[in-house]
Amino acid sequence: MSTTSLVIVNKNERLLSDTLQAVKPFVGQILQEVLVVDASNGELEDIRLSNEWARWIDYKQPPGVHITIAHQRNVGVQNAEGDVIVFTDSGCLPEDDWLERLLAPILEEDEFVSCGPAKSIGKSVYSGVHWSEDTETDYVSMAATINMAFRREAFDVVGGFDESFGSAEDIDFAWRLTDYGYRLRWVQNAVVSQDWGTPRRQLRRAFFYGKGGCRLFRKHPDRVPEAVKQNSAPFVYALFLLGLPLTLKFRWYPLLLLWPIWRHRNAELRFLVILDHLVLSAGMLYELVKPGT
C-alpha cells in the first residue's frame, strides 16, 4: 500500500500558517505526513510551535545561492518517508476533497504524475484557472508544483529538480518527466487557491519568472516552437522591448501597446497584465545578455 507525504517549501511566508491548517485534516487519512522545508532562519518559529504535528526541516541556504526553491524541493523529497509525494506552496488553500482527487489517478489508476489547477484569491494577473491551456484533456504538457503529486520512482528517474534554476524549476521538472515517458495526468477538480500578493510583488515575481523562462528554453531549445504556439506573449513583448530604440525615429512605436490593451480589455486588471508581460519579457532579456551566461 502506498504512503503519501506532502512537502511545502517556504522562504518566509506567514501565510504558511493558513496552508498548514487547511491540510491538517488530511493527515492520518489519505496523508501520512506533512514536511515544511523552511528557509526563514527562525522567523516563523511561532508557526512551527503552533503546528508541531508537522515535520519541520530548518533549511540552510548554500553560499552564493540566492533563490533556493529547487534546493528546498529536493531536500523535502529526500527527507519524506512516503513513496508518493505531493507538493503545494505556502499560502495555498485546497478546496474540499482536493487531495483525494489529486491522488486518485496515482493510487487507483496506476498513474505516476498528477496535477491540478490553481485559482487566484482575489484579483491578480493570475486570476482564473492557470497552468494548462486545455483543461478539458486528460493529460497536459507541463505543470507547476503548486498543485502536483508524483511517485518517488519518477522523481528518482529524472534526478529531481535542477538546482541551477532560480525559477521555472518545476516546468523543467515536468518537461523532463515527459521526456522520460511519464504522462502528466490533469485533474480538473483537484483545486487549490493561492494569494499572489500585492501588484508590486506580482511584478517582482514576473521578472524572476522571465529569467527562469530564458534558462528553461536554453536547456530545452526543442520546446521553443511549441511554447511560442501555446503562449506567444513573452516572445512578442520581448521583441517590443528590443525595438524600443525605434521610438527615436518613429514616435508612434509605443502606440503598438494599444493592441494588447484592447485585446485584454475584459481582463480584471488589464494594465497590470500588460505590465506583467513586459516585466517578464525584461527578465528573459536580462538573463539572455547578462555576463557569465
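Quick look at the structure, then. In this text, all values refer to a predicted model and were calculated from it rather than measured experimentally.

## Comments concerning the pairing of strand β4 (residues 84-89)
Counting buried positions over the six residues of β4 gives six, a clear majority of the element. Side-chain alternation along β4 places Val84, Val86 and Thr88 on one buried face and Ile85, Phe87 and Asp89 on a second face that is also buried. The pairing of strand β1 (residues 4-10) with β4 spans six bridges and is classified as parallel. Bridging from a neighbouring strand, Val7 pairs with Phe87 of β4. Judged from the five bridges that link them, β4 and strand β9 (residues 147-151) form a sheet pairing that is antiparallel. Looking at β9, one finds that Val84 is bridged to Arg151.

## Quick look at the pattern of salt bridges
Side-chain pairs of opposite charge can arise where the charged atoms are in close proximity. What the rule picks out here adds up to 16 salt bridges. In this structure, Glu169 engages Arg73 in a salt bridge whose closest nitrogen and oxygen atoms are separated by 3.1 Å. Separated by 96 residues along the polypeptide, Glu169 in helix α6 (residues 169-179) and Arg73 in helix α3 (residues 69-79) bring together distant segments of the chain. In this structure, Glu169 and Arg73 share a single accessibility class: buried. Taken together, the shared-partner salt bridges connect Glu109, Glu111, Arg183 and Arg185 into one network.

## Section: the packing of helix α9 (residues 233-242) against helix α11 (residues 270-289)
α11 packs onto α9 with a crossing angle of 75 degrees between their chain directions and a minimal axis gap of 8 Å. Classified by the angle between their axes, α9 and α11 sit roughly perpendicular to one another. Packed against α9, whose contacting residues are Ala233, Pro234, Phe235, Tyr237, Ala238, Phe240, Leu241 and Leu242, the element α11 presents Ile274, His277, Leu278, Leu280, Ser281, Ala282, Met284 and Leu285 at the interface. Class assignment of the residues belonging to the contact of α9 with α11 gives a composition of 14 nonpolar, two polar and no charged.

## Structural notes on the sheet that holds strand β11 (residues 192-194)
Spatially, three strands are ordered β5-β11-β7 in an open sheet, and the strand pairing comes out mixed. Of all the strands in the sheet, just β5 (92-94) and β7 (118-120) have a single pairing partner and so form its edges. Here the strands of the sheet are splayed against their neighbours by 30 degrees on average, with no regard to which way each runs. Note that β7 and β11 share three bridges and pair parallel. Its bridge partner being in β11, Lys119 is matched across the sheet by Ser193.

## Topic: the sheet that holds β1
Read across the open sheet, the eight strands follow the order β3-β2-β1-β4-β9-β6-β10-β8; overall the sheet is mixed. Two strands close off the open sheet at either side, each with one partner strand: β3 (55-58) and β8 (139-140). Where strand β6 (residues 113-115) meets strand β10 (residues 184-186), three bridges bridge the pair, whose relative direction is parallel. Bridging from a neighbouring strand, Val113 pairs with Leu184 of β10.

About the thresholds
- Residues numbered from 1 in each chain as written.
- Predicted model: local features only at pLDDT ≥ 70, side-chain atom pairs only at ≥ 80, totals over all residues.
- Heavy atoms only, no water.
- Buried < 20%, exposed > 50% of the residue type's maximum accessible area, 1.4 Å probe, protein only.
- Helix = DSSP H or I, 4+ residues; strand = E, 2+ residues; numbered from the N terminus.
- Pairing = 2+ DSSP bridges.
- Salt bridge = Lys/Arg side-chain N within 4 Å of Asp/Glu carboxyl O.
- Axes fitted to C-alpha atoms, helices over the stretch in contact; angles between N-to-C directions.
- Parallel < 35°, antiparallel > 145°, perpendicular 65-115°, else oblique.
- Contact = heavy atoms within 4.5 Å.
- Nonpolar A, V, L, I, M, F, W, Y, C, P; charged D, E, K, R; others polar.

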